[in-house]
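# Chains, contacts and geometry: an overview
Spelled out, the chains give:
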Amino acid sequence: MVFGQLVIGPPGSGKTTYCNGMSQFLNLIGRKVAVINLDPANDALPYECAVNIEDLIKLSDVMAEHSLGPNGGLVYCMDYLEKNVDWLESKLAPLLKDHYLLFDFPGQVELFFLHSNAKKVIAKLIKKLDLRLAVVHLVDAHLCSDPGKYVSALLLSLSTMLHLELPHINVLSKIDLIESYGKLAFNLDFYTDVEDLSYLQYHLDQDPRSAKYRKLTKVLCDVVEDFNLVSFTTLDIQDKESVGNLVKEIDKANGYIFAGIDASAVEFSKIAVGPRDWDYYRYPFLYYIFR
């Protein structure tokens, strides 16, 4: 059983920086990490990747050969990867024994809530290689300073969760820079908990630019609230405590925290419902995870 993360998010949300920082953090706490770059547009990697999709197909070649733009080229690349998923499986095979996997995906959001290629690739890997993966969906925290963009981020997060059908954690990245984007209309908890969007609707109604979209905004917010699935955790990738808290969330989402544990149902339930700052070291049988 192999554990890992699927790192997705819009362009500029910090996916590559996240993979670099997360791999360093996981190495520090004793995990052997392999980063798999599945973004054919990412030609300046700050990390050493164990598998690189550019060894299979390059976006620049696709665009030149088929006269496609970047978006069409990325869709083509994902379609090509799906048809050649055996290549990826063979590359991953040597890593399955003792590695924790980080998949760095493209930033084209349509791949994760509209097209099915990426979903099919992920499903095949999970089934054939017995992977236990959690989606880490990064959203730039600056969107909180613009209510309209924040609603868009909520819809994107919800659509992605429903499309991929995997354990899913939405993350407000670059939280250390949030004050530089301007004053927030509400406390940060409002944006992370996503409990009552009527306040956001009222705030938007006060802006003449968005008032004419009042009915549309209400319908969109109602959709998010009706599903009641979206919430966010925060991340400063340069802060070890922030990264550590996120790792605990991910470990519970993909089941890593339960791996190799021989414990009672009571102990499992304590782990599953524990708060984010719950201490691994309270239970000796979990010590190996963070030794």
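So, how was this worked out
- Residues numbered from 1 in each chain as written.
- Predicted model: local features only at pLDDT ≥ 70, side-chain atom pairs only at ≥ 80, totals over all residues.
- Heavy atoms only, no water.
- UniProt positions renumbered as here; feature names shortened; annotations may be inferred.
- Helix = DSSP H or I, 4+ residues; strand = E, 2+ residues; numbered from the N terminus.
- Buried < 20%, exposed > 50% of the residue type's maximum accessible area, 1.4 Å probe, protein only.
- Contact = heavy atoms within 4.5 Å.
- Areas by Shrake-Rupley, 256 points an atom, 1.4 Å probe, with all protein chains shown as cover.
- Salt bridge = Lys/Arg side-chain N within 4 Å of Asp/Glu carboxyl O.
- Phe/Tyr/Trp six-rings, centres within 6.5 Å; stacked < 30°, edge-to-face > 60°.
- Lys NZ or Arg CZ within 6 Å of the ring centre and 35° of its normal.
- Core = buried A, V, L, I, M, F, W, Y, C linked by side-chain atoms within 4.5 Å.
- Expected span 1.5 Å × (residues − 1).
- Pairing = 2+ DSSP bridges.
- pLDDT = per-residue confidence, 0-100.
- Axes fitted to C-alpha atoms, helices over the stretch in contact; angles between N-to-C directions.
- Parallel < 35°, antiparallel > 145°, perpendicular 65-115°, else oblique.
- Left-handed = near helix turned anticlockwise from the far one by under 90°.

Looking at an unreviewed UniProt entry, the protein carries the name GPN-loop GTPase 2, with the source organism given as Macleaya cordata. UniProt, in its Sequence similarities (unreviewed entry) section for the protein, records the words "Belongs to the GPN-loop GTPase family."

Assigned secondary structure in the protein consists of 13 helices and seven strands. Within the protein, the fraction of its 291 residues that count as buried is 49%. Considering only contacts within the protein whose residues lie at least 6 apart along the sequence, 73% involve residues at least 24 apart. When the accessible surface of the protein is summed, it comes to about 14400 Å², and 51% of that surface belongs to carbon and sulfur atoms.

Here the structure, examined in full by the defined rule, presents 10 salt bridges. The partner of Lys83 in a salt bridge is Asp79, with the nearest N and O atoms 2.9 Å apart. Here Lys83 pairs with Asp79, and both are found in helix H3 (residues 70-83), just four residues apart, close to one helical turn. Between Glu89 and Lys128 there is a salt bridge, with its nearest N and O atoms 3.7 Å apart. With Glu89 in helix H4 (residues 85-92) and Lys128 in helix H6 (residues 117-129), this pair connects stretches of sequence that are 39 residues apart.

Enumeration according to the criterion identifies nine aromatic pairs in this entry. Residues Tyr150 and Phe232 carry aromatic rings whose centres are separated by 6.4 Å and whose planes lie at 45° to one another, so their mutual orientation is tilted. Here Phe232 lies in strand E7 (residues 232-234) and Tyr150 lies in helix H7 (residues 147-164), a separation of 82 residues in the sequence. Grouping residues by exposure puts Tyr150 and Phe232 together as buried. Considering the side-chain rings of Phe186 and Tyr191, the 6.3 Å spacing of their centres and the 50° angle between planes classify their relative orientation as tilted. Of the aromatic side chains, those joined through ring pairs into one cluster are Tyr150, Phe186, Phe190, Tyr191 and Phe232. Positioned above the aromatic ring of Tyr100, the side-chain terminus of Arg31 is 5.3 Å from the ring centre.

Ile36, Leu88, Leu92, Phe103 and Leu125 are the most contacted members of the largest nonpolar core, which totals 34 residues. Sorting elements by how many residues they give to this core places H6 first, with five residues. In this structure Ile36 touches Val51, Leu88, Leu92, Leu101, Leu102, Phe103 and Asp104, once residues within four positions along its chain are discounted. Val7, Val35, Leu235 and Val243 belong to the second-largest nonpolar core, a separate cluster that totals 25 residues.

All right, on to H3 then. In a regular helix each residue adds 1.5 Å, so 14 residues correspond to 20 Å; H3 covers 20 Å between its end C-alpha atoms and thus fits that length. The complete set of buried residues in H3 reads Gly73, Leu74, Cys77, Met78, Leu81 and Glu82. Buried residues along H3 sit against helix H2 (59-66), H4, helix H5 (110-113) and H6.

Moving on, we come to the pairing of strand E4 (residues 100-104). Summarising burial for E4: five of the five residues are buried, a large majority. Side chains Tyr100, Leu102 and Asp104 of E4 all project onto a buried face; the interleaved residues Leu101 and Phe103 project onto the opposite face, where all are buried too. Bridge count for strand E1 (residues 2-8) against E4 is four bridges, and the pairing is parallel. Paired with Val7 across the strands is Asp104, a residue of E4. Pairing between strand E2 (residues 33-37) and E4: five bridges, direction parallel. Within the sheet, the bridge partner assigned to Ile36 lies in E4 and is Phe103.

With that settled, consider the confidence of the model for the protein. Per-residue confidence for the protein gives a mean pLDDT of 88, with 89% of residues at or over 70. Across residues 280-291, where pLDDT falls below 50, the model places 33 contacts with residues more than four positions away in sequence or in other chains.

This paragraph deals with the packing of H3 against H6. Close contact between H3 and H6 brings their axes to 8 Å; oriented N to C, the two are set at 30°. Of the possible angle classes, the one that applies to H3 and H6 is roughly parallel. Crossing hand, H3 versus H6: left-handed. Contacts between H3 and H6 involve Val75, Met78, Asp79, Leu81 and Glu82 from the former and Asn117, Ala118, Lys120, Val121 and Lys124 from the latter.

The next subject is the environment of Ile250. If you trace the backbone, Ile250 turns up in helix H12 (residues 240-254). Using a relative accessible area of 0% as the deciding quantity, one classes Ile250 as buried. With 116 residues separating them in the primary sequence, Ile250 and Ala134 have C-alpha atoms 6.7 Å apart. Setting aside residues no more than four positions away along its own chain, Ile250 makes contact with Gln5, Tyr18, Tyr100, Ala134, Val136 and Ile169.

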